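A closer look at the structure
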Amino acid sequence: ATGHLYVTRDLGPEPMELLRNSGHELVVHPDRDLPPTREALLDGVSGAAGIITLLTEKMDAALFDHAGPQLQVVSAVSVGTDNIDVGAASSRGITVTNTPDVLTDATADLAMGLLLALNRRIVQADAFLRRGEAWSWGPRLFLGRDLAGEVLGIVGYGRIGEALARRARAFGMRVIAAGSDQAHNSGVERMPLPQLLRTADVVSLHAPLTERTRHLLGTEELAAMKQGAIIINTARGPLIDEDALVEALRRGKIRGAGLDVFEYEPKIHPGLLELDSVVLTPHIGSAGEQTRTRMAMLALENALAVLDGQSPPTPVNEKSRPAVTVPPVGV
Ligand code: GLV
Ligand code: GLV
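Residues numbered from 1 in each chain as written. Chains lettered and ligands numbered in written order. Predicted model: local features only at pLDDT ≥ 70, side-chain atom pairs only at ≥ 80, totals over all residues.

If you check an unreviewed UniProt entry, the protein appears there as Lactate dehydrogenase-like 2-hydroxyacid dehydrogenase from Arthrobacter pigmenti. Turning to the protein, the UniProt record has this under Sequence similarities (unreviewed entry): "Belongs to the D-isomer specific 2-hydroxyacid dehydrogenase family." (UniProt positions renumbered as here; feature names shortened; annotations may be inferred.)

Structure (structure tokens):
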């Protein structure tokens with residue numbers, strides 16, 4: 001055997017059982033709820049043939065070099081791989097894999113939930129009742145906005161964007177989309193981002209985080225949006241310039257925001273916490289029980305496939321440089 005499989009978090013009983021029976025030496029970061037520190041991470045990956053990682057761990061060139069040349073696979077238990085330097089992995093012949101598809105519905109569900117919560121003021125209304133104030137039914141009590149007839153603008157029209165489009169159309173919304181990672185034929189009206197921003201009552205982000213998409217929504221883009229539009233982000237926090245968003249929310253230019261991800265995660269912008277026009281959730285887009293199990297199982301399949309010399313089901317890169325022949329990892 002020339003290296004262990006390092007797992008940065010306990011992935012639950014079923015996946016861990018499968019891993020223990022896989023024939024590979026297993027090292028698991030012992031804390032269930034907190035990511036390893038950088039030191040613990042470097043320690044854990046040193047000499048590893050494979051790493052199963054969550055999005056909280058930064059997988060960069062220095063870490064790959066610290067792990068050693070026997071490292072063959074970095075398997076992400078997430079669809080996003082912005083925490084991984086995929087280029088650095090490719091140049092070292094390391095396969096990177098992710099978990100697309102299995103979390104598409106769960107993430108689209110949360111985006112729809114945030115939209116419903118904002119438009120119908122569900123979170124504020126709940127807090128109102130809990131304060132125990134006297135109330136009676138009234139025609140203007142917690143007036144929100146109907147979904148039917150509103151225009152939903154989807155930015156980043158991949159699998160999750162498409163799944164949200166299906167949901168939104170079922171609610172009677174008109175759906176438009178900008179940007180495309182894949183071609184889809186679902187009858188959604190496509191337009192350039194500036195036009196989408198001028199047209200949409202609700203803008204929902206579903207693009208991956210790259211250097212090109214960082215601050216996709218900044219001061220200028222927010223200013224170009226419709227007065228009183230709302231923003232949903234279940235993708236990655238840095239897609240939005242949070243300072244600019246807080247400012248636009250304060251001025252009422254943006255009526256509300258439903259945010260599951262944050263620019264400086266896990267830090268939340270203090271301005272967001274002061275505003276009751278936002279609904280905040282702690283990066284739980286894929287947090288459905290069945291979804292999380294499917295993600296863990298797919299990540300395992302990916303890692304074990306590479307370690308066993310097979311093609312992984314969902315690679316992110318083409319393993320490009322097996323320049324040094326690494327002896328197979330076995331029992
Ligand atoms: C979650 O954010 C993911 O990328 O899977
Ligand atoms: C992610 O799965 C996406 O393509 O939206």
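Around ligand 1 sit L55, S78, V79, G80, L103, G285 and S286, and that is every residue in its neighbourhood. Residue classes in the shell around ligand 1 are distributed as 3 nonpolar, 4 polar and no charged. (Near = placed C-beta within 6 Å. Nonpolar A, V, L, I, M, F, W, Y, C, P; charged D, E, K, R; others polar.)

This part is about the sheet that holds strand β6 (residues 151–155). With parallel pairing, the 7 strands of this open sheet are ordered in space as β8-β7-β6-β9-β10-β11-β12. Edge positions in the sheet fall to β8 (189–190) and β12 (278–280), since each of these pairs with one other strand and no more. Bridge count between β6 and strand β7 (residues 174–178): 5 bridges; the pairing is parallel. Note that in β7 the partner of V155 across the bridge is A178. On the sheet, helix α7 (residues 159–170) packs against β6, β7 and β9 (202–205) and is oriented at approximately 165° with respect to β7. (Pairing = 2+ DSSP bridges. Helix = DSSP H or I, 4+ residues; strand = E, 2+ residues; numbered from the N terminus. Contact = placed C-beta atoms within 7 Å. Axes fitted to C-alpha atoms, helices over the stretch in contact; angles between N-to-C directions.)

This part takes up the sheet that holds strand β3 (residues 48–53). Ordered in space as β2-β1-β3-β4-β5, the 5 strands form an open sheet in which the pairing is parallel. Every interior strand has two partners, whereas the edge strands, β2 (26–28) and β5 (95–97), have only one. Going across the sheet, the axis of each strand differs from the next one's by a mean of 15°, ignoring polarity. Alignment of strand β1 (residues 4–7) against β2, held across 3 bridges, turns out to be parallel.

Further remarks concern the domain arrangement of the protein. Taken as a whole, the protein is organised into domain 1 (4–102 + 289–307) and domain 2 (104–280). The centre of domain 1, based on its C-alpha atoms, is set 31 Å off from the matching centre of domain 2. Taken together, the contacts link 5 residues of domain 1 with 6 residues of domain 2. Residue composition of the side of domain 1 that touches domain 2, grouped by class: 1 nonpolar, 2 polar and 2 charged. (Domains from an automatic or database assignment.)

On average, residues of the protein carry a pLDDT of 94, and 94% of them reach 70 or more. Below pLDDT 50 for its whole length, residues 322–331 participates in 18 contacts with residues either more than four positions away or in separate chains. Here the prediction assigns the complex a pTM of 0.92, and the interface score ipTM is 0.68. (pLDDT = per-residue confidence, 0-100.)

Side chains that are nonpolar tend, in soluble globular proteins, to be buried together. Of all hydrophobic cores here, the largest spans 90 residues; its most connected members are L5, V74, L164, I254, A299 and A303. Counting only domains with at least three residues in this core, you end up with domain 1 (4–102 + 289–307) and domain 2 (104–280). (Core = buried A, V, L, I, M, F, W, Y, C linked by C-beta atoms within 7 Å. Buried ≥ 20, exposed ≤ 12 C-beta atoms within 10 Å, placed from the backbone.)

Turning our attention to the site of ligand 2. In the neighbourhood of ligand 2, 9 residues make up the surrounding shell, with V79, P100, G158, R159 and I160 lying closest. Sorting elements by how many residues they give to the shell around ligand 2 places α7 first, with 3 residues. Of the residues that constitute the shell around ligand 2, the class distribution is 3 nonpolar, 4 polar and 2 charged.

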